Amino acid sequence: MRYDEKTVPVIPVNTPSAKYDVTIGANLLRALHPSLKKVNQDKPFRPFVITSPDIWALWSKPFLTSFPKDEKDAPTILFLPSGERHKRLASVESLAQQLAIAGADRDALLLAFGGGVLGDITGFLAAIYMRGIRYVQIPTTLLAQVDSSIGGKTGVNLQAGKNLIGSFHHPQAVFADTNLLATLPPAELRAGLQESIKAGIIYDPKLFRTMEQNADAILAGNPAALTRVVAASVRVKADVVGKDEKESGLRMILNFGHTIGHAIEATTNYKQLLHGEAVAWGSITALNVARNRKTIDPKQADRIESLILRYGPLPTFKATANKLVALTSRDKKNRSGTRSFVLPTAIGKTEIVRNVTEQELLAATESMLTLMLRNTRS
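Residues numbered from 1 in each chain as written. Predicted model: local features only at pLDDT ≥ 70, side-chain atom pairs only at ≥ 80, totals over all residues. Heavy atoms only, no water.

With respect to the overall build of the protein
(1) Moving on: If you tally the helices and strands in the protein, you get 14 helices and 12 strands.
(2) Moving on: Here the C-alpha radius of gyration of the protein, 20 Å, is about what a compact globule of 378 residues would show, namely 21 Å.
(3) Moving on: Seen through its principal axes, the protein has C-alpha atoms that stretch 65 × 40 × 40 Å.
(4) Moving on: Here the protein holds 378 residues, and the buried ones make up 55% of them. (Helix = DSSP H or I, 4+ residues; strand = E, 2+ residues; numbered from the N terminus. Rg over C-alpha atoms; globule rule 2.2 N^0.38 Å. Buried < 20%, exposed > 50% of the residue type's maximum accessible area, 1.4 Å probe, protein only.)

Right, here's the structure in full:
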């Protein structure tokens, strides 16, 4: 990590196919146009903003502050409704049609101004429009700032499963403006923090301890505390992606909690839980598998579970263990029909296993559902 002239954290992402920076700090939005010119080294670009009506209503004024006032140089705004249900090929086609009608060519620069869903869609659109154009991530949620905006994974869902259509296409840059987090609903903030907890569990015990020791300040949205968490989480993602760009090995650890998490999202039709909330329950399920295998120290397992629950409350949902486990058969991480599972072995360490049986997973899922009901009653 380095710092710019204003002591803003700048974390490089270096992969075999792309190198770019993640800049983290307050008021980045108000200097966006000069930042884009710097990233593009004065090469011509025509900005097209992909955003949602609610985000634009909140943040359009600071977003446009640094852009030229001439109408011909102003960015073109394309809207996409918020929500996982819009993460479909139909949305990509609609946006592509709008780009074409607006005259977007290979100098078009897409600006993904939204949360993780919108960032994934915009990245995929950039990957396929005219066989590939530039884009920049300007994530507005904590979850997107610490995770989904980094690493080049783009895509949309099918009815059969999540993120089954997509491409690796890296952004030119990521600008994580922490001011944007001030308007997040509390549940959105907590859901994003679950991804930071995940980063601590799988890779960074120091981040895990920070989130244990500073939970009150972090949950209260303290700017300094949040900036510290975002920067540490981004360092984890950047380091892992730099070592394994296309998920051939190490990068799979970023999927901790996602196997059952995606199944929870699917069984609730992507309407009841935020992504981070579903991943939190999925993380507890994976932890249960490790506990039952006795591959993690019980005290460390208890610390992990306690921290996940500390950043709740996590919403409840209705599902059976059988239904959730059945849905994992569609998970895109599977190989040759075998489930790949990320299990914690200690705080900051994991292992990838491919021999978790259906019976093991059922038992771990039942335990998670029991814990959920117990928390509801307490």
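Concerning unusual backbone geometry
(1) Moving on: With an omega dihedral of 5 degrees, the bond running from Gly 312 to Pro 313 counts as a cis peptide bond.
(2) Moving on: Position of Pro 313 among the secondary structure elements: in the loop between helix 12 (298-310) and helix 13 (321-327).
(3) Moving on: Backbone geometry at Asn 269 places phi at a positive 55 degrees, although glycine is not the residue there.
(4) Moving on: Relative to the elements of secondary structure, Asn 269 occurs in the loop between helix 10 (258-267) and helix 11 (275-293).
(5) Moving on: Accessibility expressed as a relative area gives 52% for Asn 269, which makes it exposed.
(6) Moving on: The backbone of Lys 294 shows a phi angle near 60 degrees, a positive value even though the residue is not glycine.
(7) Moving on: Residue position: Lys 294 is located in the loop between helix 11 and helix 12.
(8) Moving on: Lys 294 gets classed as exposed once you look at its relative accessible area, which sits at 72%.

Let's talk about the pattern of salt bridges
(1) Moving on: Under the criterion given, the structure shown has 14 salt bridges.
(2) Moving on: Glu 247 is paired through a salt bridge with Lys 153; the nearest N and O atoms lie 2.5 Å apart. Taken as a pair, Glu 247 in the loop between helix 9 (223-243) and helix 10 and Lys 153 in strand 8 (residues 153-158) lie far apart in primary sequence, 94 residues in all.
(3) Moving on: The class of Lys 153 is partly exposed, set by a relative accessible area of 28%.
(4) Moving on: Residues joined in a network through salt bridges with shared partners are Asp 147, Glu 195, Lys 198 and Lys 237. (Salt bridge = Lys/Arg side-chain N within 4 Å of Asp/Glu carboxyl O.)

So, the packing of helix 6 (residues 186-202) against helix 12
(1) Moving on: Here helix 6 crosses helix 12 at 165 degrees, and the two axes come no closer than 10 Å. With respect to their mutual orientation, helix 6 and helix 12 come out roughly antiparallel. As helix 6 packs across helix 12, the resulting crossing turns out to be right-handed. On helix 12, the residues touching Gln 194, Ile 197 and Ile 201 of helix 6 are Ile 304, Leu 307 and Ile 308.
(2) Moving on: Its residues assigned to classes, the contact of helix 6 with helix 12 comprises 5 nonpolar, 1 polar and no charged. (Axes fitted to C-alpha atoms, helices over the stretch in contact; angles between N-to-C directions. Parallel < 35°, antiparallel > 145°, perpendicular 65-115°, else oblique. Left-handed = near helix turned anticlockwise from the far one by under 90°. Contact = heavy atoms within 4.5 Å. Nonpolar A, V, L, I, M, F, W, Y, C, P; charged D, E, K, R; others polar.)

With respect to helix 3 (residues 89-101)
Owing to its 3.6 residues per turn, the α-helix aligns residues three or four sequence positions apart on the same side.
(1) Moving on: The end-to-end C-alpha distance of helix 3, which contains 13 residues, comes to 18 Å, matching closely the 18 Å that a straight helix rising 1.5 Å per residue would cover.
(2) Moving on: For helix 3, the full list of buried residues reads Ser 91, Val 92, Leu 95 and Leu 99. End-on view of helix 3: buried residues confined to an arc of 100 degrees, all on one side of the axis. Projecting away from the buried face of helix 3 at angles above 90 degrees are the exposed residues Ala 90, Glu 93 and Ile 101. (Expected span 1.5 Å × (residues − 1). Arc of directions from axis to C-beta.)

Quick word on the environment of Gln 97
(1) Moving on: Along the chain, the position of Gln 97 falls in helix 3.
(2) Moving on: Assessed through its relative accessible area of 48%, Gln 97 is described here as partly exposed.
(3) Moving on: Considering only alpha carbons, one finds Gln 97 and Tyr 129, 32 residues apart in sequence, at a separation of 9.8 Å.

Considering the packing of aromatic side chains
(1) Moving on: Taken as a whole, this structure holds 4 aromatic pairs when the rule is applied.
(2) Moving on: Taking 5.2 Å as the distance between ring centres and 65 degrees as the angle between the ring planes, the aromatic pair formed by Trp 56 and Phe 63 counts as edge-to-face. For the pair shown, Trp 56 and Phe 63 are each scored as buried.
(3) Moving on: On the basis of an interplanar angle of 50 degrees and a centroid distance of 4.7 Å, the ring pair of Phe 63 and Phe 113 is categorised as tilted. Linking Phe 63 in helix 2 (residues 53-64) with Phe 113 in strand 6 (residues 108-114), this pair joins segments that are 50 residues apart in sequence.
(4) Moving on: Looking at Phe 113, the relative accessible area reads 0%, which means it is buried.
(5) Moving on: Through a chain of ring-to-ring contacts, the aromatic side chains of Trp 56, Phe 63, Phe 67 and Phe 113 assemble into a single cluster. (Phe/Tyr/Trp six-rings, centres within 6.5 Å; stacked < 30°, edge-to-face > 60°.)

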